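Residue-level structural notes
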Amino acid sequence: MSQPQIARVALDVPLRTFFDYCVPDGQPLSASDIGYRVRVPFGRQQKIGILVELPAASNVALAQLRPLDSVLRDLPPLPADWFRLTEFCAAYYHAPLGQVMLSTLPAGLRATTAAKPRQRRQAAIVAAAQPAPELTAEQQASLAAIDTLAAGFNAYLLHGVTGSGKTEVYLRLIERALAGGRQSLLLVPEINLTPQLEARVAARFPTAGMVSLHSELGDAARTRNWRAALTGAARIVLGTRLAIFTPLPELGLIVVDEEHDVSFKQQDGIRYSARDLAVFRARQSAIPIVLGSATPSLESWANATADAGRGRYQLLTLHERAVEGARLPEVLRIDTRVDKTQDGLSGALLRAIEQRLERAEQSLIFLNRRGYAPVLACAACGWSSSCHRCAANLVLHLSDRRLRCHHCGFEARLPKACPTCGNQDLSPFGRGTQRLEAVLAERFPQARVVRVDRDSASSRKQWEALVERIRCGDADILVGTQMLAKGHDFPRLTLVGAVAPDAALFAADWRAPERLFAQLMQVAGRAGRADRPGQMLLQTQFPEHPLYAALARHDFQAFAALQLEERQQAGFPPYAYQAMLRAEAPQMADALRFLSVARACPLVEREQAVNFYDPVPMRLSRRASLERGQLLVESPSRRALQRFLTQWLPQLEAIKPPSRLRWHLEVDPLEF
Ligand code: ADP
Ligand code: ZN
Ligand code: ZN
């Protein structure tokens, strides 16, 4: 009797191991079957896995191996570079490889029952196929510098002010890749916010079979698009972070637009950075990658600037707006210690809005806080609306008369009276977009005020309808969160007011200034076109603050230099590498105890190149009834940190935590 063939299979289970099966007699598998999906028994269920290896021997006794059920050959096998990418992701983020592999597949390809194919939905937006514009000198220079012909890895940081024509540069690069018979992957932060880009790419390359991949796509569509990428039918893939895992057998170019955007970082499950994986993928595929932004992340900036001593990326700059005559908006700081605000609005801002109304132009009032007010309070007894499940306030949403927790989703009806003392006169404190909307509607009764935030534009459809309404001029004053800051061209918009940016200046999170600068720069960039210059009014009590001063000069470079210097002195990234161990449990003591045990692993004592902070409660110390603690680990060397984590993880997994405690490790954490 001959020995049965062994099939090693990756499965979506939280274990750092593959699973061996025996191959039924008469249906031997060959190396070319590696990368196919397979159906296997697992416990009492059936599971879909991926065939990763046909090993000569198994650690499991042959008699115990269960037979593989079937090999699914409905799709081409996953290519070798996809394996390398998922392997890297699992190794770098210390996640179980099987989970990484399976979680990157569309759900339809993971299901044991085949999904019904559905009718293809017609693309919502049909753009006029505009001809490509003649390139500006700066665009030409950037394109000339980007080497897409020589096979090989090259990373470019395209730093271009808002409206400088970065997208046009991407399109020309994609055109080159197409001509060379290669596929292109274009990653964008939130596809929801960029239907215009989708339309623009599809209009420019109508025969390239462009597909998009993002989380709002239905299962059937996602499977179909993913399949088109894998078979090579789609030459361009436009997607959000999850699209980094798309198998692309002829990939020739990766572009990451708005590369600084935090939404490239997955915040739960496998906490990967799609931007960082993109760089890895380009390197292993030996192809160019272009990271584009008006306000690059300081990590990328340090990689691209010689004075940081790195120069791993080549820096390309677009200083000027692309449209002839278009200038960057003027940024004026309104000192609210002098020009006191009323209902959050200074006299200068009110006058500026009035002027725009007279000229039939639009104003955008930017406030990154949704709801009516961040808290409802009772002046008589001091009660305030707080979430009983989180260490956070319940936000007042007056439009549907509810109190909502923005952290856990808890909501309650608006109380008629104070729940502790019965006082009927409860007052909202602070200001959110809904309140600002109400104030503006009252101040300017003749104006059409439109609010754009996650409440008013919760679906892509609502969002598209709002954007269309604004574009066609059926709105005078927009009140919006950062949702409105990104990538939109509103031709009549000439004024941006930032009403309360100061809080972020002194936030506990040391990355807050970087985000604030990026947000303000982006939202300012919405104002002004060639024929109508734009203006941003920034209400602040700290008009001399260096961040605002740099912003007023549109001087990202100066801002970045200041920040990098501070970070270097403090030993923060990008001058250090970090990992965060987080634990949550019903009792804070349990969470902190787990972290202390983790910190006391024998290994910790020996590792010289790694520094450990103390276990502490997280800033949002309770969320959804769980107390949360964190332990930060840091090293000046990425390699040392990785080496340590690789040894630490098995030790962590060996700790027996209290039953309701959960923990996870995040590499390169963004939020503190
Ligand atoms: P960015 O991505 O840098 O914000 P875009 O690529 O969206 O900029 O370009 C901003 C505007 O300038 C768009 O309306 C685009 O059509 C236009 N544009 C881009 N390049 C050129 C060019 N070379 N000549 C004229 N207009 C251009
Ligand atoms: Zn009260
Ligand atoms: Zn809550």
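Rules and cut-offs
- Residues numbered from 1 in each chain as written.
- Chains lettered and ligands numbered in written order.
- Predicted model: local features only at pLDDT ≥ 70, side-chain atom pairs only at ≥ 80, totals over all residues.
- Heavy atoms only, no water.
- Helix = DSSP H or I, 4+ residues; strand = E, 2+ residues; numbered from the N terminus.
- Rg over C-alpha atoms; globule rule 2.2 N^0.38 Å.
- Buried < 20%, exposed > 50% of the residue type's maximum accessible area, 1.4 Å probe, protein only.
- Axes fitted to C-alpha atoms, helices over the stretch in contact; angles between N-to-C directions.
- Parallel < 35°, antiparallel > 145°, perpendicular 65-115°, else oblique.
- Left-handed = near helix turned anticlockwise from the far one by under 90°.
- Contact = heavy atoms within 4.5 Å.
- Nonpolar A, V, L, I, M, F, W, Y, C, P; charged D, E, K, R; others polar.
- Donors = N, O, S within 2.8 Å, 3.2 Å for Na, K, Ca; no water.
- Tetrahedral: all angles 85-135°; square planar, octahedral: opposite > 155°, others 65-115°.
- Expected span 1.5 Å × (residues − 1).
- Polar contact = N/O pair within 3.5 Å; in protein donor to acceptor, adjacent residues only side chain to side chain.
- 1 Å grid on protein atoms, 1.4 Å probe; cavity = no way out; pocket = protein on both sides within 12 Å on 5 of 7 lines; lining within 4 Å.
- Points joined across faces, edges and corners; volume = space filled by probe spheres on them.
- Pairing = 2+ DSSP bridges.
- Domains from an automatic or database assignment.
- Buried area = accessible area lost by both parts, 1.4 Å probe.
- Salt bridge = Lys/Arg side-chain N within 4 Å of Asp/Glu carboxyl O.
- Phe/Tyr/Trp six-rings, centres within 6.5 Å; stacked < 30°, edge-to-face > 60°.

**Some words on the overall build of the protein chain**
Secondary structure assignment for the protein chain yields 18 helices and 28 strands. Computed over the C-alpha atoms, the radius of gyration of the protein chain is 27 Å, within 12% of the 26 Å expected from 2.2 N^0.38 for a compact globule of 672 residues. Considering only C-alpha atoms, the protein chain reaches an extent of 90 × 65 × 55 Å along its principal axes. The buried share of the protein chain, taken over its 672 residues, is 55%.

**Re the packing of helix α4 (residues 137–145) against helix α5 (residues 166–179)**
At a minimum axis separation of 10 Å, α4 and α5 run at an interaxial angle of 40°. It follows from the interaxial angle that α4 and α5 lie oblique. The interaxial crossing formed by α4 with α5 has right-handed handedness. Within the contact between the two elements, α4 uses Gln139, Leu143 and Ala144 and α5 uses Glu168, Val169, Arg172, Leu173 and Arg176. A breakdown of the residues in the contact of α4 with α5 according to their chemical character gives 4 nonpolar, 1 polar and 3 charged.

**A short note on the coordination of the zinc ion (ligand 3)**
With distances of 2.2 to 2.4 Å, the protein atoms coordinating the zinc ion (ligand 3) are Cys387 (SG), Cys390 (SG), Cys405 (SG) and Cys408 (SG). Each of the 4 donor atoms around the zinc ion (ligand 3) contributes to a set of angles spanning 106 to 111°, which defines the coordination as tetrahedral. Each donor residue of the zinc ion (ligand 3) belongs to the same chain, and together they define the spacing C-x2-C-x14-C-x2-C. With Cys387 in the loop between β15 (375–378) and β16 (395–397) and Cys408 in the loop between β17 (402–404) and β18 (411–413), this residue pair connects regions lying 21 residues apart in the sequence. Under the relative-accessibility criterion, Cys387 is labelled buried at 3%. On the basis of relative accessibility, which here comes to 22%, the residue Cys408 falls in the partly exposed class.

**A few points about α5**
Here α5 is 14 residues long and its end C-alpha atoms lie 20 Å apart, about the 20 Å a rise of 1.5 Å per residue gives. Buried residues of α5: Lys166, Thr167, Glu168, Val169, Tyr170, Leu171, Arg172, Leu173, Ile174 and Ala177, and no others. The positive-phi residue at the C-terminal boundary of α5 is Gly181, with phi of around 75°.

**Observations regarding the side chain of Lys265**
Within the fold, Lys265 resides in the loop between β10 (251–257) and α8 (274–285). Within the local environment of Lys265, its side chain forms a polar contact with the side chain of Glu666, the two groups lying 2.8 Å apart. When sequence neighbours within four positions are dropped, the list of residues in contact with Lys265 reads Arg241, Arg271, Tyr272, Ser273, Glu666, Val667, Asp668, Pro669 and Leu670.

**Considering empty space enclosed by the protein**
Going through the model one piece at a time under the given rule, you end up with 3 cavities of 30 Å³ or more. Empty space within the largest cavity amounts to approximately 90 Å³. Every residue lining the largest cavity is listed: Val161, Thr162, Ala294, Leu328, Pro329, Val331, Met521, Ala524, Gly525, Leu551 and His554. Tallied by class, the residues present in the lining of the largest cavity amount to 8 nonpolar, 3 polar and no charged.

**Considering the coordination of the zinc ion (ligand 2)**
The expected angle between donors at a tetrahedral four-coordinate metal is 109.5 degrees. At an octahedral six-coordinate metal it is 90 or 180 degrees. With distances of 2.3 to 2.4 Å, the protein atoms coordinating the zinc ion (ligand 2) are Cys378 (SG), Cys381 (SG), Cys418 (SG) and Cys421 (SG). Metal-centred angles of 103 to 113° between the 4 donor atoms at the zinc ion (ligand 2) mark the site as tetrahedral. Relative accessible area serves as the criterion here: at 3%, Cys378 is assigned to the buried category. Given a relative accessible area of 39%, Cys381 falls into the partly exposed group.

**Thoughts on the pairing of strand β26 (residues 616–623)**
Pairing of β26 with strand β27 (residues 626–635) involves 4 bridges; the strand directions are antiparallel. Bridging across to β27, Arg623 finds its partner in Leu626. A loop of 2 residues connects β26 with β27, the two strands running antiparallel in sequence, and Ala624 in this loop sits at a positive phi of about 50°.

**Some points on the domain arrangement of the protein chain**
Taken as a whole, the protein chain is organised into domain 1 (6–79 + 98–109), domain 2 (137–318), domain 3 (330–372 + 431–566) and domain 4 (577–667). Placing a centre on the C-alpha atoms of domain 2 and another on those of domain 4 gives a separation of 34 Å. Domain 2 puts 4 residues into the contact, and the matching count from domain 4 is 5 residues. Between domain 2 and domain 4 the total buried area reaches about 360 Å² when both faces are included, carbon and sulfur atoms providing 27% of it. Linking domain 2 with domain 4 are 2 salt bridges.

**Observations concerning the sheet that holds β18**
Strands sit in the order β16-β17-β18 across an open sheet of 3 strands; the sheet is antiparallel. Bordering the open sheet on either side are β16 and β18, each of which pairs with just one other strand. The sheet shows a mean angle of 25° between the axes of neighbouring strands, direction not considered. Across 3 bridges, the pairing between β17 and β18 is antiparallel. Within the sheet, the bridge partner assigned to Arg404 lies in β18 and is Glu411.

**A closer look at the packing of aromatic side chains**
If you walk through the whole model with that rule in mind, you get 16 aromatic pairs. Where Phe88 meets Tyr92, the ring centres are 5.6 Å apart and the plane angle is 15°; that geometry is what we call stacked. Here Tyr92 and Phe88 lie together in helix α1 (residues 80–93), a separation of 4 residues that amounts to about one turn. Their ring planes at 90° and their centres at 4.9 Å tell us that Trp301 and Phe556 sit as a pair that is edge-to-face. With Trp301 in helix α9 (residues 298–304) and Phe556 in helix α15 (residues 556–570), this residue pair connects regions lying 255 residues apart in the sequence. On the basis of relative accessibility, which here comes to 4%, the residue Trp301 falls in the buried class. Put simply, the rings of Phe88, Tyr92, Tyr93 and Phe280 pair up and form one aromatic cluster.

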